[in-house]
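# Descriptive analysis of the structure
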Amino acid sequence: MIVRPKGTKDMLPEEAYKWQFLERIAAETASGFGFREIRTPVFEHTELFARGVGDTSDIVNKEMYTFLDKGNRSITLRPEGTAGVARAFLENGLAGGAMPFKVYYLISAFRYERPQAGRLREFHQFGAELYGAEGAYADAEAISLADAFLKNLGLKKVALRINSIGCPHCRAKYHEALKAYFAPRLDEMCADCKTRFDKNPMRMLDCKEENCKKIASDAPRMLDYLCDDCRAHFDQVKNLLDLASVPYTVDPSIVRGLDYYSRTVFEFVSDAAGAQGTVLGGGRYDTLLSQLGSKEVPAVGFAAGMERLLMVMNAENAPFGKEIATECYLLGMDEKSREKAFLLATELRRAGVSAETDLMERSVKAQFKYADKIGAHCVAVIGESELSEGAAEVKDMKTSASEKVNFKELAQYLIGRRSL
Ligand code: ATP
Ligand code: MG
């Protein structure tokens, strides 16, 4: 038997309604904030991610699904959504349209990681991007959207942590301080951290190795090195979050895993997701678009991991809504009635009522069993006598009560039942 590749999952029909719920809440919440959907390609030129996400990030260093296509181009399955949106924004000249530019996306993303609970090789994200606004209002808007999304999912125990990682200007001094702190301890740290030390020491604060984490916990904090502008920006973000009643804690250990961030960074974390506690992460990335060859366009955004959200929702017993079941199963008792059942099913669907009927020429008993399995609300039984009366015996599958309903009135009858 052929099995699915490591780190991938099948989304079975039993679970699909949960995904539909997540996606619907994401789309509705984003629309409520005036964000419109964008869809970009699943694969892009490798260079986009190398330049956009940054070559000191874990993603570009070791997690990308990169291959040569038949035309010898280096292609990469998108490991995240931001770089593709930025490319599409520039390529389609969207800076000339209404600003700020506000979009959201629902995507699958691909990273070659060690699979574990909440960490897959193909996973799904809901993300949002806001371009063109450099002030703190944009940061607060993005964070408020993320907060509203999680609240609308019914989650209560997800906590917001925010930090500022400054701008390239003030970060230079901070990098020096970090290097001075880490230099005498570098021997004890992992190989990745040794590389990060030279290339981007702040990334050492985001290491997942226990020992590195311990060493990093006493490192100097970026908050103590912010320049006046960055500090004022961060203060205003906090004020606006207070104003919007979005609760948060300032957590200096949050630096985010991608190279393009500046100033505000944030994560929503939950204990219920186990070791992979971050369900949503984001921040400001004012240099990303210029790295892709445009003039500077300030930007802020976030992405949420849908698989992790699903785990947290299950753990918190959050409601997913109900799977919509077939309203009426039409049961034909014999050959002639089967044909009538088929016809009535067609008519019901045209009237906007969901209906199923027998496709396997099964016995009455087997048909009832099937109707029960699919959770049909009603079964309309049609036999010889019903055919001559022109009415079906409609059984309510919950109460087992039944009544005769004229074939002609069946759709109206079923629609009337919806409010019950
Ligand atoms: P982590 O530190 O857990 O590796 P990250 O910083 O790499 O996360 P981002 O690139 O910010 O993650 O992606 C945003 C969100 O997408 C994460 O907060 C997480 O919920 C989800 N996510 C990231 N990688 C995976 C993965 N391999 N499997 C499932 N979800 C993921
Ligand atoms: Mg990661």
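Scope of this entry: the structure provided in the associated data block. All values derive from a computational prediction rather than experimental measurement.

### Some points on the side chain of Thr-40
With respect to the helices, strands and loops of the structure, Thr-40 is situated in the loop between β1 (36–37) and β2 (43–45). Once residues within four sequence positions are removed from consideration, Thr-40 is found in contact with Arg-78, Gly-84, Val-85, Arg-87 and Ala-88.

### Quick word on the pairing of strand β5 (residues 101–110)
Most of β5 is tucked away: 8 of the 10 residues are buried. Summarising the sheet, β1 and β5 pair through 2 bridges and their orientation is parallel. Along β5, the bridge assignment pairs Arg-36 with Val-103. Here β5 pairs with strand β6 (residues 122–131) via 10 bridges, running antiparallel. Considered in β6, the bridge of Phe-110 is made with Glu-122.

### A look at the packing of aromatic side chains
Enumeration over the complete set of coordinates arrives at 12 aromatic pairs. Through a chain of ring-to-ring contacts, the aromatic side chains of Tyr-104, Phe-126, Phe-149 and Phe-302 assemble into a single cluster. Directly above the ring of Phe-197 sits Lys-179, whose terminal nitrogen or CZ lies 5.4 Å from the centroid. Lying across the ring of Tyr-181, Arg-185 places its NZ or CZ 4.1 Å from the centre.

### Thoughts on the sheet that holds strand β14 (residues 378–382)
One open sheet holds the 5 strands; their spatial order is β13-β12-β14-β15-β16, and the pairing between them is mixed. At either margin of the open sheet sits one strand with a lone partner, and together these are β13 (355–357) and β16 (402–406). Averaged over all pairs of adjacent strands, the angle between their axes in this sheet comes to 30 degrees, without regard to strand direction. Pairing of strand β12 (residues 328–332) with β13 involves 3 bridges; the strand directions are parallel. Residue Cys-328 lies in a different strand from β13, and its bridge partner there is Ala-355. Docked against the sheet, helix α15 (residues 410–417) engages β12, β14, β15 (391–396) and β16, running at close to 135 degrees with respect to β16.

### Some words on the site of ligand 1
Residues in contact with ligand 1 amount to 16 residues; listed here are only the nearest, Arg-111, Glu-113, Leu-120, Lys-208 and Arg-256. Gln-125 has a polar side-chain atom sitting 3.1 Å from an oxygen atom of ligand 1. Burial of ligand 1 by the surrounding chains reaches 92%, relative to a free accessible area of 580 Å². The set of elements that each furnish at least two residues to the shell around ligand 1 consists of β6, β10 (278–284) and β11 (299–305). Sorting elements by how many residues they give to the shell around ligand 1 places β10 first, with 3 residues. Across the shell around ligand 1, the residue classes break down as 6 nonpolar, 4 polar and 6 charged.

### Topic: helix α7 (residues 191–199)
Since the α-helix packs 3.6 residues into each turn, any two residues three or four apart lie on the same face. For α7, the set of buried residues is Cys-193, Arg-196 and Phe-197. Angular distribution of buried residues about the axis of α7 spans 110 degrees; they occupy a single face of the element. The outward face of α7, more than 90 degrees from its buried face, is lined by the exposed residues Ala-191 and Asp-198.

### A short note on the environment of Arg-231
Looking at where Arg-231 falls in the secondary structure, it is placed in helix α9 (residues 228–243). Placed 67 residues apart in sequence, Arg-231 and Ser-164 show a C-alpha to C-alpha distance of 8.2 Å. When sequence neighbours within four positions are dropped, the list of residues in contact with Arg-231 reads Leu-223, Asp-224 and Leu-226.

About the cut-offs
- Residues numbered from 1 in each chain as written.
- Chains lettered and ligands numbered in written order.
- Predicted model: local features only at pLDDT ≥ 70, side-chain atom pairs only at ≥ 80, totals over all residues.
- Heavy atoms only, no water.
- Helix = DSSP H or I, 4+ residues; strand = E, 2+ residues; numbered from the N terminus.
- Contact = heavy atoms within 4.5 Å.
- Buried < 20%, exposed > 50% of the residue type's maximum accessible area, 1.4 Å probe, protein only.
- Pairing = 2+ DSSP bridges.
- Phe/Tyr/Trp six-rings, centres within 6.5 Å; stacked < 30°, edge-to-face > 60°.
- Lys NZ or Arg CZ within 6 Å of the ring centre and 35° of its normal.
- Axes fitted to C-alpha atoms, helices over the stretch in contact; angles between N-to-C directions.
- Near = heavy atom within 4 Å.
- Polar contact = N/O pair within 3.5 Å; in protein donor to acceptor, adjacent residues only side chain to side chain.
- Areas by Shrake-Rupley, 256 points an atom, 1.4 Å probe, with all protein chains shown as cover.
- Nonpolar A, V, L, I, M, F, W, Y, C, P; charged D, E, K, R; others polar.
- Arc of directions from axis to C-beta.

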